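Below, each chain spelled out in residue letters.
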Amino acid sequence: MKKNMNYEDIFKCIADALNVNINKINIDSHMLEFEEWDSFGHLGILVALDKKFKGKVASISEMASANSIAKIIELLKHHKLI
């Protein structure tokens, strides 16, 4: 995925992985707000992001404990993926 990817693209990827409406996802969203964001939902998010970023997300070990959209975005930025 291109570095010019915006937050909406990431929100859509996460919403699709959780099978929730994208309007429910924003920078302040946290896993406790979604019953769909359980351990399987989190795995779905990681797989979806890894596909979008062509295998580069799987090597970010901190993603396993990223429990909010803000943390996911912070990690993607830190690893220069966005």
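Preceding this section is the structure that the text describes.
Since the model is a prediction, treat every value here as computed from it, not as a measurement.

**Student:** Looking at this model, I keep getting lost on the overall build of the chain. Mind explaining?
**Tutor:** The helix and strand inventory of the chain stands at three helices and zero strands. Secondary structure elements of the chain occur, N-terminal to C-terminal, as α-α-α. Compactness check: the chain gives a C-alpha radius of gyration of 11 Å against a globular reference of 12 Å for 82 residues, within 12% of the reference. Taken across its 82 residues, the chain has 37% of its residues classed as buried. For the chain, the accessible surface area stands at approximately 5,100 Å², while carbon and sulfur atoms represent 52% of it. When the 11 positive and 11 negative side-chain charges of the chain are each reduced to one mean point, those points stand 12 Å apart.

**Student:** Help me out: how do you make sense of the environment of Lys 24 in this one?
**Tutor:** Its location among the elements puts Lys 24 in the loop between helix 1 (7–18) and helix 2 (39–52). In the structure, Lys 24 is positioned ten residues away from Phe 34 in sequence and 9.2 Å away in space, judged by C-alpha atoms. Ignoring sequence-local partners within four residues, the contact set of Lys 24 consists of Ser 29 and Phe 34.

**Student:** Looking at this structure, how should I read the side chain of Ser 29?
**Tutor:** If you trace the backbone, Ser 29 turns up in the loop between helix 1 and helix 2. A relative accessible area of 0% means that Ser 29 is categorised as buried. Engagement of the side chain of Ser 29 in a polar contact is seen with the backbone oxygen of Lys 24, the distance being 3.5 Å. In this structure the side chain of Ser 29 is engaged in a polar contact, spanning 2.9 Å, whose partner is the backbone nitrogen of Asn 26.

**Student:** Would you mind going over the packing of helix 1 against helix 3 (residues 69–78) with me for this structure?
**Tutor:** The axes of two packed helices give the description: the angle between them and the distance between them. It is at 12 Å that the axes of helix 1 and helix 3 come closest, and there the two elements cross at 120°. By the angle between their axes, helix 1 is oblique relative to helix 3. The hand of the helix 1/helix 3 crossing is right-handed. Residues Tyr 7, Ile 10, Phe 11 and Ile 14 of helix 1 lie in contact with helix 3, whose contacting residues are Ile 69, Ile 72, Ile 73, Leu 76 and Lys 77.

Conventions we followed
What you see as residue numbers is a count from 1 along each chain, following the sequence as written. It should be noted that, the model being predicted, local features are given only for residues of pLDDT at least 70 and side-chain atom pairs only at 80 or more, the latter also being counted only at that level, while totals for whole chains, interfaces and linings use all residues. Side-chain numbers come from the whole structure's heavy atoms, not from hydrogens or water. Only DSSP runs of H or I with at least four residues qualify as helices, and only runs of E with at least two residues qualify as strands; both kinds are numbered from the N terminus onward. Values of the radius of gyration come from C-alpha atoms, whereas the globule rule sets the reference at 2.2 Å times the count of residues to the power 0.38. Exposure is judged per residue with a 1.4 Å probe applied to protein chains only, and the accessible area is read against the type maximum: over 50% gives exposed, under 20% gives buried, and values in between give partly exposed. Under the convention used here, a 1.4 Å probe and the Shrake-Rupley method define accessible areas, while residue burial counts only the protein chains that appear. The convention is simple: Lys and Arg are positive, Asp and Glu are negative, and His and the chain ends are not counted. A single reference atom marks each charge: NZ on Lys, CZ on Arg, CG on Asp, CD on Glu. Note on contacts: a residue pair is in contact if any heavy atoms of the two residues lie within 4.5 Å. Polar contacts here mean pairs of N or O atoms no more than 3.5 Å apart (in protein, one a potential hydrogen donor and the other a potential acceptor; neighbouring residues in sequence count only if both atoms are side-chain atoms). To define axes, lines are fitted to C-alpha atoms, for helices over the stretch in contact only, and angles between the resulting N-to-C directions are given on a 0 to 180 degree scale. Any angle that is under 35 degrees is reported as roughly parallel, and any over 145 degrees as roughly antiparallel; angles of 65 to 115 degrees are reported as roughly perpendicular and all others as oblique. For a crossing to be left-handed, the near helix must be turned anticlockwise from the far one by less than a right angle; the clockwise case is right-handed.

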